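Residue strings, one per chain:
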Amino acid sequence: MKVLMVGATGRFAGLVLPELTRRDVVVRALVRDEAGAAEARGRGAAETTRGDLREPATLRAAAEGVDGVFHLNPAFAEGEAEMGVGMVRAASAAGVRRFVFSSVYHPSLSLTNHAAKQPVEEALYESSMEYTVLQPAMFMQLLAGSFSDAARHGRISGSYSKRSNMSYVDYRDVAEAAALALTRDEPVRGTFELSAPGMWDRVEVAALLSRVLGREVSAEQSPPGDAGVARAAPGPLRDGLARMTEHYDAHGFSGGNALVLRAVLGREPRTLEAYFRELAGDRIAV
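Under an unreviewed UniProt entry, the name given to the chain is UDP-glucose 4-epimerase, and the organism recorded is uncultured Solirubrobacteraceae bacterium.

Right, here's the structure in full:
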């Protein structure tokens, strides 16, 4: 089987690549330049092809001759929805049989990075391709910086309320689900919410880190000027982050039901505690 991968060199989508190659899938990585091509090959991609999500004509050529496509939208990018829809249409026109889209938990939310996923999902549902839509909760990997702060300084902080409950998933579990959807027939023609069990506010995360690290860790609120929103350049990213922060501050990111992810993987999902303990082990090893 041959799969075209969008994001093969990315921080998150790149985790899908080893899941595919260990299942003997030939991966063709969509890249923008030779530097990206070299990195993708270094990570295990058998082929690379030049393309740009903003240029639909390049996507049709990139999708020729593959059996499946894995796609992850660049979040908060201007024209994000159009890029995703363009990839779906290009894959369909090229005769691709199966398409896996890494979407987002609760795409019905009016937040920028959620609403942009809806047109892509709709395009898939209207296509003739076998589709799988994965809707992951907040990625645990985004907490790597918090772990580092806890280990070094004994505190973690964030721009939204420390009492906001959040649902998480280890993106490696999402990557495995994506690989299963491309290589097996069960998780096909379905839309799946993917979350680890439970919800956590920052105070609870700090208590968990205290147990894992064996030191007291406190939960703090970032001053407005220190927030990622304030540091972002004006434009879609800054506006999207501001809306998202306001929403999380008021409502959190509800969910935390692991039933679907457990069923897709055929095992227990990775937990937040397991993720932190793995980071702790890596830190000791170094």
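There's more to say after this.
**Q** Describe the overall build of the chain, with residues and values.
**A** When helices and strands are tallied, the chain shows 13 helices and twelve strands. Dimensions of the chain along its principal axes, counting C-alpha atoms only, are 55 × 40 × 35 Å. Evaluated residue by residue, the chain yields a buried proportion of 51% over its 286 residues. When contacts within the chain are restricted to residue pairs at least 6 apart in sequence, long-range pairs at least 24 apart make up 76% of them. Summed over all atoms, the accessible surface of the chain reaches about 12,800 Å², with 49% contributed by carbon and sulfur. Within the chain, one finds 33 positive and 36 negative side-chain charges whose respective centroids are separated by 4 Å.

**Q** Can you explain helix α9 (residues 202-213)? Please cite residues and give values.
**A** Across its twelve residues, α9 extends 16 Å between first and last C-alpha, which sits within 8% of the 16 Å expected from 1.5 Å per residue. Listed in full, the buried residues belonging to α9 are Arg202, Val205, Ala206, Leu208, Leu209, Ser210 and Val212. Here α9 starts with a cap whose side-chain oxygen sits 3.1 Å from the backbone nitrogen of Val203, and that cap is Asp201. One or two residues past the end of α9 sits Gly214, with phi positive at roughly 70 degrees.

**Q** Which residues make up the nonpolar core, and what are the values?
**A** Counting residues in hydrophobic clusters, the biggest one holds 65 residues, and the most contacted among them are Met5, Leu20, Phe70 and Phe276. Element by element, the count of residues in this core is highest for helix α8 (residues 171-183), at nine residues. If you look at the next biggest cluster of nonpolar residues, it comprises 25 residues, including Val6, Ala91, Val120 and Met129.

**Q** Residue-level account of the packing of aromatic side chains, with values.
**A** Centre-to-centre distance and the angle between the planes together describe a pair of aromatic rings. Applying the stated criterion to the full structure yields nine aromatic pairs. An angle of 20 degrees between the planes, with centres 6.2 Å apart, marks the rings of Phe147 and Phe276 as stacked. Here Phe147 is found in helix α7 (residues 144-153), whereas its partner Phe276 is found in helix α13 (residues 272-285), with 129 residues between them in sequence. Between Tyr160 and Tyr248 the ring centres are 5.5 Å apart and the planes differ by 75 degrees, which places this aromatic pair in the edge-to-face class. Taken together, the residues span a long stretch of sequence, with Tyr160 in the loop between β8 (155-158) and β9 (166-169) and Tyr248 in helix α11 (residues 236-251) at a distance of 88 residues. When its relative accessible area of 16% is taken as the criterion, Tyr160 is described as buried. Three or more aromatic residues joined by ring pairs form one cluster here, namely Tyr105, Tyr160, Tyr248 and Phe253. In this structure, Arg202 packs its charged tip against the face of Tyr160, placed 5.1 Å from the ring centre.

**Q** Tell me about the sheet that holds strand β4 (residues 68-72), residues and numbers included.
**A** The parallel open sheet is built from seven strands, whose spatial order is β3-β2-β1-β4-β5-β6-β10. Strands at the two margins of the open sheet, each flanked by one partner only, are β3 (47-50) and β10 (190-194). For this sheet, the mean angle separating the axes of adjacent strands, direction not counted, is 20 degrees. For strand β1 (residues 2-6) and strand β2 (residues 26-31), the ladder comprises five bridges, and the chain directions are parallel. From the neighbouring strand, Val3 faces β2, where its bridge partner is Val27. Sheet strands touched by helix α3 (residues 56-63): β1, β2 and β3. Its angle to β2, the strand with the most contacts, is close to 165 degrees. Of the strands in this sheet, β1, β4, β5 (98-102), β6 (130-136) and β10 are in contact with α8, which crosses β5 at around 165 degrees.

**Q** So, the sheet that holds strand β11 (residues 199-200): which residues are in play, and what are the values?
**A** Sheet strands line up and pair through hydrogen bonds in the backbone, either parallel or antiparallel. Within the open sheet, the three strands sit side by side as β7-β9-β11. Their pairing is mixed. A single partner strand is all that each edge strand has here, and the edge strands are β7 (138-139) and β11. Bridge count for β9 against β11 is two bridges, and the pairing is antiparallel. Pairing of Ser167 across the sheet is with Met199, part of β11.

Quick notes on the rules
Residues numbered from 1 in each chain as written. Predicted model: local features only at pLDDT ≥ 70, side-chain atom pairs only at ≥ 80, totals over all residues. Heavy atoms only, no water. Helix = DSSP H or I, 4+ residues; strand = E, 2+ residues; numbered from the N terminus. Buried < 20%, exposed > 50% of the residue type's maximum accessible area, 1.4 Å probe, protein only. Contact = heavy atoms within 4.5 Å. Areas by Shrake-Rupley, 256 points an atom, 1.4 Å probe, with all protein chains shown as cover. Lys, Arg positive; Asp, Glu negative; His and termini not counted. Charge placed at Lys NZ, Arg CZ, Asp CG, Glu CD. Expected span 1.5 Å × (residues − 1). Polar contact = N/O pair within 3.5 Å; in protein donor to acceptor, adjacent residues only side chain to side chain. Core = buried A, V, L, I, M, F, W, Y, C linked by side-chain atoms within 4.5 Å. Phe/Tyr/Trp six-rings, centres within 6.5 Å; stacked < 30°, edge-to-face > 60°. Lys NZ or Arg CZ within 6 Å of the ring centre and 35° of its normal. Pairing = 2+ DSSP bridges. Axes fitted to C-alpha atoms, helices over the stretch in contact; angles between N-to-C directions.

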